[in-house]
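# Fold and contact review
Chain by chain, the residues:
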Amino acid sequence: MSLQPRPVLAALFGADHAGDFLSHWPERHYAVHRPPAALPPALRVPELASLEALARAYRGPVTFGRGTRDARTINVEAHALHLFQLGLTVYLPDIARFVPALAQWLQALERELGLPAACSTLGAFASPPGDGVSCHFDADDVISIQLQGRKVFHVAKVAGLPYPSGQQFGPGMLPGDELYPQAGAGFPSPDTATFESIAMEPGSVLFLPRGTWHRSVAEQDSFSVSIGIRPPPAMERLLKRLHDLLLQQAEWRRPLYEANQPAGSGALADRLDGLLAQLPKLLQQIHGADLLQPAQPRLPLSPASRLQKVPQASLAYQPLPQRLKLSVSALDQHWVARTTLDTEVPAHLAEALAWLAGSQAAFSAGDFYQRFASLAQADKQQLLELLIRSGFLRLLWYPALEN
C-alpha cells in the first residue's frame, strides 16, 4: 500500500520501525519492542496507568472468562478490578468513550492509515498469571499494545479463509451465521497450524491481521490495550449503495404480502423475476468510485452534490439597508425548535432564498448554480453550505435513480 510513515504511526511503532509496519500492513503480523516511555502520550494518560485507574473511569460493560481453560466468556455490568482480583481475565470494550485523549488519537491513527472514520475501537485486557485468551481468530485487524506485565502471544495464519467477515471464531466457539457461507469447504482449525511465539513486555506493539490464529498466556499480571480495526468490505458498500437505489422504486418497497400464500406464489415469483431482471441496469449505475465515498458526504460542495430541504426547518429573511437579515429555525436532536442561524447576507440573494424556502424536491448544487447563473459562484456555494450547516438543507448521501 502506498502509505508513508507519519507522526502517529512513528510514535506507536517508533520512527525506525513505522516503515517496516507499513510493509506488513494489512497482510502480515508484525511486532516491535520498545520502552514503555516511548509509547505515544495518549497511551500514557493517567487512566491507563493501571487496570484500577481505568476501572475508575470506565462505565461500560465488562467481559470476563478463563481463556486458558474455556473459550466461553460472560458479559456483565461489574467493576473490572473485582473480577480480575478473582483470578479472571477481563476485557473492557470501547474504552475511548471514557478517555477523550484516546478518541482523538484513534481518529488520527485512522487518518494516517487512510481508513474510513470511526472504523476502529479501543479495548483493554487484563489477565492474571497463567491466564489469557483462548485460541481464536478475529474478523478485525488488531494492534495490541502491552502496558504492564509480560504475556506471550502464539500466532499463526488461518489457512483457506482470507479476510474473514463477521465474528471471531475458534475451538469451542459457536460460529456465527455469517461464517457458514465463508467456510463451505470446512471450518478452519488451528490443529495443523505452525505457531510463532511473541513475548510482549511493557512497550511492545503487535499487529495481527484479521484471520490470524492467536492465543495468549500472561506470565505476570498483564494489562494491555487492543485496537480493533474494521473498515467496511466492498460487499457492504455495494449493498448500501444498491439499497439506496432500490428505495427509490415503489415496487422494491412493496411488502411481500403474498409470500405465505401458496395459491399466489407463482405469480409473486414471476413478479420478483421481473424486478430481478432490472438489477443489471441498476448495477450499471454504481461505479467503483461510488463505493469509496464516505457514508456521509462532506463539504465543500461539488456541482454533483445533491441537497433537499429538511421538512421541519424554516427560513425567513427581512430587508435591511443593502442587506438581508437571514434566520433559520430547525429541530435539534431532542425535537426542540431552535434558531440555528441568525446572520446577514447580500440583498441580491433574495430570489435564491425565496426559491430555497419554497423548494421540496431534491436538487443538485449544479442545478441551483445554473438556475441563478447571474449570481457569483462563491455567493451561491457559501449560501448552500451555510444552510446545510444550519440544518435547513440536508446534504444527501445517495445518488438519484436514473430513468
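Structural notes, computed from the coordinates. (Residues numbered from 1 in each chain as written. Predicted model: local features only at pLDDT ≥ 70, side-chain atom pairs only at ≥ 80, totals over all residues. Heavy atoms only, no water.)

This part covers the sheet that holds strand β7 (residues 141-148). Taking strand neighbours across the sheet as the criterion, the eight strands line up as β1-β10-β7-β12-β5-β4-β2-β3 in an open arrangement whose pairing is antiparallel. In this open sheet, the two strands that pair with only one neighbour each are β1 (30-32) and β3 (73-76). Strand-to-strand, the axes of this sheet are offset by a mean angle of 20°, without reference to chain direction. Relative to strand β10 (residues 205-208), β1 is paired through three bridges, and the arrangement is antiparallel. Across the sheet, A31 pairs through a bridge with L206, a residue of β10. Across the sheet, helix α5 (residues 100-112) lies against β5 (120-127) and β12 (222-229), angled at about 120° from β5, the strand it touches most. (Pairing = 2+ DSSP bridges. Helix = DSSP H or I, 4+ residues; strand = E, 2+ residues; numbered from the N terminus. Axes fitted to C-alpha atoms, helices over the stretch in contact; angles between N-to-C directions. Contact = heavy atoms within 4.5 Å.)

Formed by 51 residues in total, the largest nonpolar core has its most connected members in L48, V90, L92, I95 and I145. Looking at this core element by element, the count peaks at five residues for α5. If you look at the next biggest cluster of nonpolar residues, it comprises 27 residues, including Y369, F372, L375 and L393. (Core = buried A, V, L, I, M, F, W, Y, C linked by side-chain atoms within 4.5 Å. Buried < 20%, exposed > 50% of the residue type's maximum accessible area, 1.4 Å probe, protein only.)

Scanning the model with the defined rule gives 18 aromatic pairs in all. Ring centres of F21 and F207 lie 5.5 Å apart, and the angle between their planes is 90°; on these two criteria the pair is classed as edge-to-face. On the criterion of sequence distance, the pair formed by F21 in helix α2 (residues 18-24) and F207 in strand β10 is long-range, its members being 186 residues apart. Overall, the relative accessible area of 0% leaves F207 in the buried class. Taking 5.2 Å as the distance between ring centres and 80° as the angle between the ring planes, the aromatic pair formed by W397 and Y398 counts as edge-to-face. Accessibility expressed as a relative area gives 28% for W397, which makes it partly exposed. One aromatic cluster is present, formed by F13, F21, W25, Y30 and F207 through successive ring pairs. Lying over the aromatic face of F195, R215 brings its terminal NZ or CZ to 4.7 Å of the ring centre. (Phe/Tyr/Trp six-rings, centres within 6.5 Å; stacked < 30°, edge-to-face > 60°. Lys NZ or Arg CZ within 6 Å of the ring centre and 35° of its normal.)

A few words now on the environment of H214. Assignment of secondary structure puts H214 in strand β11 (residues 212-218). The class of H214 is buried, set by a relative accessible area of 6%. C-alpha separation for the pair H214 and P190, spaced 24 residues apart in sequence, amounts to 9.3 Å. The contact partners of H214, leaving out residues within four places of it in the chain, are S134, C135, H136, F137, D138, F153, H154, V155 and L208. Looking at H214, its side chain comes within polar contact range of the main-chain oxygen of T212, at 2.9 Å. (Polar contact = N/O pair within 3.5 Å; in protein donor to acceptor, adjacent residues only side chain to side chain.)

Another point: the pairing of strand β8 (residues 151-157). Among the seven residues in β8, six count as buried, and that is most of the element. As paired elements, β8 and strand β9 (residues 196-200) share five bridges and run antiparallel to each other. Directly across from H154, in β9, lies its bridge partner S197. In this sheet, β11 lies alongside β8 in antiparallel orientation, the contact comprising seven bridges. Note that in β11 the partner of V155 across the bridge is H214.

Moving on: the side chain of S216. Considering the arrangement of structural elements, one finds S216 in strand β11. Taking relative accessible area as the criterion, S216 reaches 5% and is therefore assigned buried. Beyond its immediate sequence surroundings of up to four residues, S216 is in contact with T68, D131, G132, V133, K151, V152 and F153.

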